[in-house]
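Geometric and topological summary
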Amino acid sequence: FGPSHRTVAPTLVNLAIAYGALRQLERQRELLERALRINEREYGPDHRAVATTLVNLGSSYGRLGDIEKQRLVLERALKIKQREYGPEHAEVANALVILGTAYGDLGDTERHQEFLERALRIQERHYGPEHHQILPALGGLSMVHGRLGNFTRKRELLERMVPIMEREFGAEHCNVAVTLAELASAFGDMGDIERQQELLERSRLIEERGAFQRFYGSEGPGSAAPKDGGADASASGAERSGGRVAAAPAPEKRQEGDDRMILRQLASAALRCALAVAAVGPKLAGLGHCRLCS
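Residues numbered from 1 in each chain as written. Predicted model: local features only at pLDDT ≥ 70, side-chain atom pairs only at ≥ 80, totals over all residues. Heavy atoms only, no water.

1. Some words on the packing of helix α3 (residues 48-63) against helix α4 (residues 67-85)
The interhelical angle for the contact between α3 and α4, taken along N-to-C directions, is 155 degrees, at an axis separation of 8 Å. Looking at the two axes, α3 sits roughly antiparallel to α4. For the pair α3 and α4, the sense of crossing is left-handed. Counting all contacts with α3, which are made through R48, V50, A51, T52, L54, V55, L57, G58, S59, Y61 and G62, the residues of α4 involved are I67, K69, Q70, V73, L74, R76, A77, I80, K81, E84 and Y85. For the contact of α3 with α4, the residue count by class is 12 nonpolar, five polar and five charged. (Axes fitted to C-alpha atoms, helices over the stretch in contact; angles between N-to-C directions. Helix = DSSP H or I, 4+ residues; strand = E, 2+ residues; numbered from the N terminus. Parallel < 35°, antiparallel > 145°, perpendicular 65-115°, else oblique. Left-handed = near helix turned anticlockwise from the far one by under 90°. Contact = heavy atoms within 4.5 Å. Nonpolar A, V, L, I, M, F, W, Y, C, P; charged D, E, K, R; others polar.)

Encoded structure:
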């Protein structure tokens, strides 16, 4: 077909996703820009295929820190999607979530909130109030209200998210842990220290169990060597410990204040990371990654 045939563009996008998962962001951007040029030439500048590529490219610009460029391409994508699908379509809602986040990064909290609230109304009507597709809008709005000091509203939104996440990911998933930690910060801001500590402890236990399983595997110690080791690792461990395989160190006991500070710092970043991936759907699953889930 040649390097600029329309059938090449989807392959370029898929390859860009792979490079995004490998965190080779400049290469990802180059491939998406090439795919965009092909789609624009083949379909015209206002085709829905162009809009999809623009959303991908906007997310790539965001990861590279070029938020203004991200905003510009997402604004263009939104206009195309609204014309192609209508203003109340789910495709439009997804674009609103991502564009709203870009405005938030640019410091425009008012537009951030406006876009997310509009997206949430569309998604609730399209999917229902408990569907996983509404998680990005709920999480984004919770962060907006936190910045505005509306901690009661932030708490309400996060409390909606927890059961949805538990159902979709499982009660022991790291996404649940970071959402609980963010919810704990909301209770702390409201002065409910007892509830804050309870949620932080629950979040910490999920994270510790997750780290334990990543080290040993799902069946626990004694059943198999650690995932990263194998027989060679066990042998070297035996040599270092005088013929006995050294046990994995127990998790270090942290002070309550340390938990609160660490989890609060991680929660917003990890929650945003998970929500950013969810916002763009499976086509962009490789564009973001939560390291807490690694």
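Next comes the rest of the account.
2. Concerning unusual backbone geometry
Positive phi is not limited to glycine here, since R23 has a value of about 65 degrees. Relative to the helices and strands, R23 is located in the loop between α1 (8-21) and α2 (25-43).

3. Brief notes about helix α7 (residues 135-148)
Helical geometry note: an α-helix holds 3.6 residues per turn, so side chains three or four residues apart project in the same direction. With 14 residues, α7 extends 20 Å between its outermost C-alpha atoms, agreeing within 8% with the 20 Å of an ideal straight helix rising 1.5 Å per residue. With respect to burial, α7 is a largely interior element, 12 of its 14 residues being buried. Inspection of α7 places L135, P136, A137, L138, G139, G140, L141, S142, M143, V144, H145 and G146 among the buried residues, and these make up the whole buried set. Immediately beyond the C-terminal end of α7, within one or two residues, lies G149, with a positive phi of roughly 80 degrees. (Expected span 1.5 Å × (residues − 1). Buried < 20%, exposed > 50% of the residue type's maximum accessible area, 1.4 Å probe, protein only.)

4. Examining the side chain of S60
The topology assignment puts S60 in helix α3. The class of S60 is buried, set by a relative accessible area of 0%. Contacts of S60, omitting those with residues within four sequence positions, involve L25, Q28, R29 and L32.

5. Remarks on the nonpolar core
Among the nonpolar cores identified, the biggest contains 59 residues, and L54, L74, L78, L96 and L138 are the most heavily contacted of them. It is helix α5 (residues 90-105) that contributes the most residues to this core, nine residues altogether. Sequence-distant contacts of L78, that is, excluding residues within four places in its chain, are made with V92, A95, L96, L99 and F115. (Core = buried A, V, L, I, M, F, W, Y, C linked by side-chain atoms within 4.5 Å.)

6. Things to note about the environment of Y127
Turning to its location among the elements, Y127 is positioned in helix α6 (residues 109-127). C-alpha separation for the pair Y127 and A90, spaced 37 residues apart in sequence, amounts to 8.6 Å. Excluding anything up to four places from it in sequence, Y127 contacts A90 and Q133.

7. Brief notes about the confidence of the model for the protein chain
Confidence in the prediction of the protein chain, expressed as mean pLDDT, is 79, and 71% of residues score 70 or more. Mean pLDDT values over the elements of the protein chain span from 36, in helix α11 (residues 231-240), up to 97, in α6. This model gives residues 219-267 a pLDDT under 50, and the stretch forms 44 contacts once residues within four places in sequence are excluded. When the criterion is pLDDT under 50, residues 276-294 qualifies, and its contacts beyond four places in sequence or with other chains add up to 42 contacts. (pLDDT = per-residue confidence, 0-100.)

8. Some remarks on the packing of aromatic side chains
This structure, assessed with the given rule, holds one aromatic pair. Summarising the aromatic geometry, the rings of Y103 and F115 are spaced 5.5 Å apart at their centres and angled 75 degrees between planes, so their arrangement reads as edge-to-face. Placement of the pair is Y103 in helix α5 and F115 in helix α6, with a sequence separation of 12 residues. Using a relative accessible area of 6% as the deciding quantity, one classes F115 as buried. (Phe/Tyr/Trp six-rings, centres within 6.5 Å; stacked < 30°, edge-to-face > 60°.)

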